[in-house]
Amino acid sequence: MILAVSTLKNPSSPADGYRGRFAPSPTGPLHAGSLVTALGSWLDARKNGGKWLLRMEDLDTPRCVPGADHQIRAQLLACGLAWDEGLTYQSQRQEHYQSALERLNALKLLYPCTCSRQAIANTLASLGIETPRNQEMLYPGTCRPHPLEINSPELLRTSKVAWRLALPQNCHIEFEDLALGHQDQNLNTEVGDFVLRRNDGIFTYQLAVVVDDALQGITHIVRGADLLSNTARQIHLQKVLGYHTPQYLHLPLVLDEHGEKLSKQTLATQINTQDEKHSLAELSNAAQHLGLKYLPDGESITIAEWLLAATRAWR
Ligand code: GLU
Ligand code: ZN
């Protein structure tokens, strides 16, 4: 038998230069807001001579729409936004998330939680802590054991409980966003011990995104500002898992006439990529939102020419 020698580089030391990604959740086709993220991340990668990867974040299966991944791929290609390397699906990468969970367990950083949302809300109310509208509830640590212990691997795989990451005291995270500047968050007072696997067995976005960005050697994360408040959690997870922290750049959100973020929930309409002319019009809108100026328009330009001009104009 021939033993294969792994030539994989250490995933936490991205030595290959810029690697970016677009990581849509296939809950519907691209709309004006998601095109802005796709275009912004693509332009940043191209401007830096880097790679741009496409990853379908399809872990939350109840929210995923069958066929949406195909629509997204076709829309991106119709806009000339081709990706490098193979397309990945988070649903096919579960063993990576499980092994990260097992590592955290071995570090005594995990504990099971059986609190319902209502129970958490009641505890917070009794502590006089109010949750602003549209914000997630702080977790008050109800189920956290003292001291923390290693859970049986069996329990970790099978039980119908949520698994939370135990934060250290004074877990204050600071980072520089390439667009928004200095950011900081106190995870203890603003978030609390957060969930890595839900009680329905689904790995959370926080865990999966951190594991994938690290294993794919992502150096730059360009995404919508609605995800800004997740970044401190992700940086903390990168630290405990021994991963490199990428650069972050959060793009301005596209809001609807009510000031709400465009999303499937707000019934955002999908972009029209039926032909080159329509695709170019969608790209122009997205570029305008990104603050790109003096881009060519008109009948005679091709998408490839337009993208080249947009790459030059990208800051
Ligand atoms: N899948 C996430 C979303 O569609 C984006 C993840 C990320 O860019 O970190 O909102
Ligand atoms: Zn609990």
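Above this text sits the structure in question.
Here's a quick rundown of the structure.

Thresholds applied
- Residues numbered from 1 in each chain as written.
- Chains lettered and ligands numbered in written order.
- Predicted model: local features only at pLDDT ≥ 70, side-chain atom pairs only at ≥ 80, totals over all residues.
- Heavy atoms only, no water.
- Helix = DSSP H or I, 4+ residues; strand = E, 2+ residues; numbered from the N terminus.
- Rg over C-alpha atoms; globule rule 2.2 N^0.38 Å.
- Areas by Shrake-Rupley, 256 points an atom, 1.4 Å probe, with all protein chains shown as cover.
- Lys, Arg positive; Asp, Glu negative; His and termini not counted.
- Charge placed at Lys NZ, Arg CZ, Asp CG, Glu CD.
- Buried < 20%, exposed > 50% of the residue type's maximum accessible area, 1.4 Å probe, protein only.
- Polar contact = N/O pair within 3.5 Å; in protein donor to acceptor, adjacent residues only side chain to side chain.
- Pairing = 2+ DSSP bridges.
- Axes fitted to C-alpha atoms, helices over the stretch in contact; angles between N-to-C directions.
- Contact = heavy atoms within 4.5 Å.
- Near = heavy atom within 4 Å.
- Nonpolar A, V, L, I, M, F, W, Y, C, P; charged D, E, K, R; others polar.
- Parallel < 35°, antiparallel > 145°, perpendicular 65-115°, else oblique.
- Left-handed = near helix turned anticlockwise from the far one by under 90°.

### Observations regarding the overall build of the chain
Phase 1 of the analysis: Along the backbone of the chain there are 10 helices and 10 strands.
Phase 2 of the analysis: Taken over the C-alpha trace, the chain has a radius of gyration of 21 Å; the compact-globule value for 315 residues is 20 Å, and the two agree within 12%.
Phase 3 of the analysis: When its C-alpha atoms are laid out on the principal axes, the chain stretches across 70 × 60 × 40 Å.
Phase 4 of the analysis: A total of about 16200 Å² of accessible surface is found on the chain, and carbon and sulfur atoms cover 53% of it.
Phase 5 of the analysis: If you average the places of the 29 positive and of the 33 negative side-chain charges in the chain, the two averages end up 4 Å apart.

### A look at the environment of Q234
Phase 1 of the analysis: Inspection of the secondary structure puts Q234 in helix α8 (residues 231-241).
Phase 2 of the analysis: When its relative accessible area of 1% is taken as the criterion, Q234 is described as buried.
Phase 3 of the analysis: Between the C-alpha atoms of Q234 and T245, which are 11 residues apart in sequence, the distance is 8.8 Å.
Phase 4 of the analysis: Of note is the side chain of Q234, whose polar atom sits 3.1 Å from the side chain of Q206.

### Looking at the sheet that holds strand β8 (residues 195-197)
Phase 1 of the analysis: Within the open sheet, the 3 strands sit side by side as β4-β5-β8. Their pairing is antiparallel. The open sheet has two edge strands, β4 (110-113) and β8, and neither has a second partner. Shown here is a sheet whose adjacent strand axes are inclined to one another by a mean of 45°, direction ignored.
Phase 2 of the analysis: Across 2 bridges, strand β5 (residues 162-165) lies against β8 in antiparallel orientation. Bridging across to β8, W163 finds its partner in R197.
Phase 3 of the analysis: Strand contacts of helix α3 (residues 94-106): β4, β5 and β8, with the helix running at about 125° to β8, the strand carrying the most contacts.

### Some words on the site of ligand 1
Phase 1 of the analysis: Around ligand 1 sit R21, A23, P24, S25, E57, Y205, V209, R223 and L227, and those are all the residues in its vicinity.
Phase 2 of the analysis: Between ligand 1 and the protein, one listed contact pairs an oxygen atom with a side-chain N or O atom of R21 at 2.6 Å.
Phase 3 of the analysis: With respect to ligand 1, the side chain of Y205 contributes an N or O atom lying 2.8 Å from an oxygen atom.
Phase 4 of the analysis: In terms of residue class, the shell around ligand 1 is made up of 5 nonpolar, 1 polar and 3 charged.

### Describing the packing of helix α7 (residues 205-215) against α8
Packed helices, taken two at a time, are described by the angle their axes make and the gap between the axes.
Phase 1 of the analysis: At their nearest, the axes of α7 and α8 sit 10 Å apart, and the two run at 55° to each other. Between α7 and α8, the crossing angle belongs to the class labelled oblique. Read as a crossing pair, α7 and α8 show a hand that is right-handed. Here Y205, Q206, L207, V209 and V210 of α7 lie close against α8, whose contacting residues are R233, Q234, L237, Q238 and L241.

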